[in-house]
Every structure is written in structure tokens, then in C-alpha cells.
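Understanding the architecture of this molecule
Okay, here's what each chain looks like letter by letter:
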Amino acid sequence: MILVYADHDRGELDPLALQVVSAARGLDADVHALIVGPNAEKCVDDLASAGVRAVHHGTNAAIDDYTPRANANAVITVMDRLEPRAVLAAGTPRGSEVLAHVASIKDLPLVTECSEIALTGSGTAEVTRARWGGNLLERSEVSADVLLATVQAHAFAVSEDAGDAQVEAFEVPVTDADLEVSIVERTGAAETGVGLAEAKVVISGGRGMDGPEAFGMLEELADILGGAVGCSRVVTAAGWRPHAEQVGQTGTKVAPDLYIAFGISGATQHIAGCKSAKTLIAVNTDGQAPIMTHADYAVVDNLHTLLPVLIEKARAAQGA
Amino acid sequence: MDICVCIKRYPSLGSAIMLTDDGMAIDTDKLGFTLSPHEECAVEAAVQLKEEHGGTVTLISMGPEGVEEQIREQFAIGADRAIWIRSDSTDVDPQAAAKAIGDAIEADETAFDLILLGSESADNANAQTGVRLAHRLGRPVATAIKGMTIADGVATCERAVGTMREVYRVPLPAVVTVKDGLNIPRYPSVPGRIKARKKPIDEVTGDLDAPSIQLMGLTAPIRESKGAQDLGAGDEAADALVDVMKQIGVLS
């Protein structure tokens, strides 16, 4: 049996949970899902019809929002009772946090960001996982009675199989210490760069922008194309743009239809964030810049003289 | 406030990754070394807290000869002293790493109010050492934090989720793992660099458990050039770009 830890935010199921169910079904037909907290009834229904045999719904009167250690206790309660061969979660901050607590308490290894998982024997598994923000792939053998793993987003397609699972409610055991850290409030939209991760077009600038001023032109072009503005780490480290706009390994990972990199050299830190773009255009004065090896189209020119012309022509084309 | 910051030395990759012949490691022969942005932000946060509340900043780093270089860099930013856990490699299994760091912290005479780490390492990104360390020390933990203030013995921590921020209150002493964007790390000053030479590094031997995750091999996804089509320059390039945008369907 494979157990899937499914996350939700105030009753909305994490869409990646269904990908994790898919990954689990690739290992064993007998998949159970676990969800914790109040307001999760709709998620229970969503999971019950996603091809799992059972959904375990853990609650406790003391839990009213995401509480990492209580969620870990819920995983451990089901683990101890049903002895799954593996426990999988989405490779999100919450998924890896909850499984890291489980791993710590049970003294088990945890492999994160897996794109391939194979159970090779009793107590062994082989995984492929991302290193360096996906610039390297690691193959590893894990020795553990229960494999704990998080699954890379979009590595597994959601399967269409529906089913009708049984639902089992249970009480999550918690101590005061388990409740110490939980979400106490949410603050909204403090950051700009809304929708960068989902944008169909991303217009990005790097060191070659020479300062914050020229980003006004990137905003203009992004507006015309209905896209978002991004930037490289050099730009956020210099304080030219907010960190929320950083594309890269320590920023946002984007997968737009079109990515245009203005004055970005193409360090691995940046490529980790933009390599999933369907089309990548690089504009750089240096035709030998590393970004060129990742580009579909190259313009070797000064971005400061090119941008005004490009904006004018794009606007004319849009109006035509 | 006494703060401990865990830092890790990484090869500075630049734009291409070369592997060793056996495919088991990055060939670092021609590479410099650095910290990750997450950890640079952790040190900056610690130094800011020291400036605000007083106290000390201690660095912990694990690895072979060479980690001193990154320790001295962060001394120049404002950290006061360091514990160097000597090990054969910086590539340490996270279970073993958390145990060795926990041992070093318990053995140290400072009772740290706050222990900071990066949310995940730049290289292996196991994203668990902070949580394991918190359990090892019996302390609460918040992870992947991009905003933090400390008052009345409580760290108020913010995690960015899309355009929202989740707020967690963590009673000290605690472990917090942080992300790039928490602050903008300062550059070392010249006086900072001079002071850095004299700050103390205590060396301890890491007692590392055998790893339960065994590396079988590394591969770099295809590195050959996609063979970018040259669109020229100037007006010609602008026209060609507009054509590409129309072709993709992002411009009507």
C-alpha cells in the first residue's frame, strides 16, 4: 500500500495532490490518501473519486488551520496502523515540511523532488531527483522500510481513473508542543509580480539593464503581450526590482509560452527558473553569452536601443 | 540574542556544469566557491538582529579544508565566530548532517536563541536538515521563511505562497529556515574584511552516521546548444521578433 499525504488550503485541495496519487498508482494499485483538518470535506470527495481505495480524514478540535507537526502526527498514525511501503507528498514547502517532520520523528530517510520512483526490493527503492534546481539529475538508492518521498511538480500526469473510495475519519493525536507552530494569520498580496509563475509571457531583464530605469520598457512590453516582468538574481541583489520578480533557482520557476531575456548572461541559477519556457528569446550584446545556448532565437544588439523600436512595432501590430 | 547560522560551501557554477569522469560529482577543479542566496540572507538577518538586539552571531559549517574561505567572507559581513565541523565532503546525508550539527550545538557553551539555515541547499536541495535539527534539539521550527521579526521572545515568520503570506509565530529558542528575498545581503566593508582575519574558528570532528541514501550517479540534462536562430539587430530584429510573437500567438 502507498499512502499519499494530500495538502489543502482552507478547503481547496492542492492540485498537485492528484499528481502525487498518479505517482503512487505507478508503484502499487492500492493507494490510500490522507488529508488533515476541518473544512476538508470537499477535498475528501475530490480524493475519493481520484482512484484511491481509501481516504483517511484526520481532525482534532485543536487544529483549525495548517499545523505542520499535527499533520505529521496524522501521517504517523496512519503509517503505524497500515504499514505502507511508501508515503508520498507533493514537492511543495508544506509537503516537504510535513514529511521532514515524519522523517525526523521516525528516523527515516526522505528523498525530495523525485521525478522517478521505483520500489526495487523489500526495503530498497531507486529514485531520480533534481539537484541544482534541475540543472543536474541525481539517481540514488534509498534503504528504508518505508520510503518517504516528495514528488516534483508536473513529473507525473494525473490519470483519468475514477473510483469510489471508502472514507475513514480519525482523531489526530496532538500535544501542546505540536500546536506551537501553525498559521495564525494571512496577509494578502504584499508582493508585486502577481502571476509570474502562471504567466504565458515573461519579459525578463538582467545585469544588462544597467539599472532600475529601463525596466519601465519591460513593463510596457509585458503589458502589450499580457505578460509579467521577471528578472535575474543580479537585479534583485542590487535592489533594482523586488525579489518576487526573480526568475531562477532561488526565485520563481516559470513555464511560459514565451520568455524573453534582456541582458541576462544565463547562469545556471537563472536557467533553473526559465528552462521550461516553450520559446526562449535572448537579447544580448554578447553573442557568446551562455544564455544563447538555451535560446531558440537570438538578437545580438543593445537592448536600450532595441526596446523602444520593438515596443512601437509590437503595439502597432497589436492595434492592427 | 545569540544566533547560530548554518552555512554550506558550494562550487560557483557559472553557466555550465562539468561532471567528474565517474559521474558521481561536479568537477570543481576550475571552480571558485560561494554560499547560496538563502544562506547569505540568513547571515544578513542574523547580523541585523544582532545590531537591533545585541548579542552574537556564530556560524556553523561542515566540510573539508576550504570552508574557512566562506566562513571568513561572512565574518566580514558581521558574524563573530564559527564552528567548523570537519568532514571529508560537504555532500553529507541530511540525517547525518543534522545529527552532527545538533551535537556541535549542544556541545557549544552558547545557548542559542535562534538557529537559522537556508530552506534548502543550493546543490542537493534535500529541504529537511532544519526540521531534523529542530527535532534533534527539541525546538519548534518554521521553514521557507521570507519575512521575520523578533519581539518578546517570539519570531513572527512569514512564508510567501503565491501572492499571499502565511504568518507563523514561533516561540524562541527556535530553528527557522529562510529563503532568498528575506533581505538584501550587504557587501563586506574593508574594516569588516580586516576584522574577519582575526575572528576565531573552533574546529570539531564530525561523527557522521552511514547514509541511507546512496548516490548511484549524476547526469546533466542535454547541454548542447539549441542552435538559436539569429534574428539580426536593430529594426530588422524588431520586425523579426514581432513575427515570432505573432507565430507563437502572444500577439494578435
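Structure's up top.
This text gives an overview of the structure that appears in the document. (Residues numbered from 1 in each chain as written. Chains lettered and ligands numbered in written order. Predicted model: local features only at pLDDT ≥ 70, side-chain atom pairs only at ≥ 80, totals over all residues. Heavy atoms only, no water.)

1. As for the interface of chain A and chain B
The interface of chain A with chain B comprises 84 residues on the first partner and 79 residues on the second. Taken together, both faces of the contact between chain A and chain B bury some 7100 Å²; the carbon and sulfur share is 57%. The three residues of chain A that bury the most area against chain B are A:Arg131, A:Trp132 and A:Tyr297, which together make up 10% of that side's buried surface. At the boundary of chain A and chain B, one finds seven salt bridges. For B:Glu166, the salt bridge is made with A:Arg94, and the minimal N-O distance between the two is 2.5 Å. At the boundary of chain A and chain B, one finds 35 residue pairs in polar contact (both at pLDDT 80 or more). Ranked by residue count, the leading element in the side of chain A that touches chain B is helix 4 (residues 93-106) of chain A, at nine residues. (Contact = heavy atoms within 4.5 Å. Buried area = accessible area lost by both parts, 1.4 Å probe. Salt bridge = Lys/Arg side-chain N within 4 Å of Asp/Glu carboxyl O. Polar contact = N/O pair within 3.5 Å; in protein donor to acceptor, adjacent residues only side chain to side chain. Helix = DSSP H or I, 4+ residues; strand = E, 2+ residues; numbered from the N terminus.)

2. Brief notes about the pattern of salt bridges
For the structure shown, the criterion picks out 42 salt bridges over all chains. In this structure, A:Glu245 engages A:Arg241 in a salt bridge whose closest nitrogen and oxygen atoms are separated by 2.8 Å. For the pair A:Glu245 and A:Arg241, one class covers both residues: buried. The salt bridge partner of B:Asp209 is B:Lys99, with a shortest N-O separation of 3.9 Å. A residue pair is termed long-range when its members are at least 10 positions apart, and B:Asp209 in the loop between strand 12 (201-205) and strand 13 (213-219) and B:Lys99 in helix 3 (residues 94-107) qualify at 110 residues. Classification of B:Asp209 by relative accessible area gives partly exposed; the value is 40%. The network of salt bridges with common partners includes A:Asp7, A:Asp9, A:Arg10, A:Asp65, A:Arg94, A:Glu97, A:Arg186, B:Arg159 and B:Glu166. (Buried < 20%, exposed > 50% of the residue type's maximum accessible area, 1.4 Å probe, protein only.)

All quantities given are derived from atomic positions and should not be read as evidence of function.
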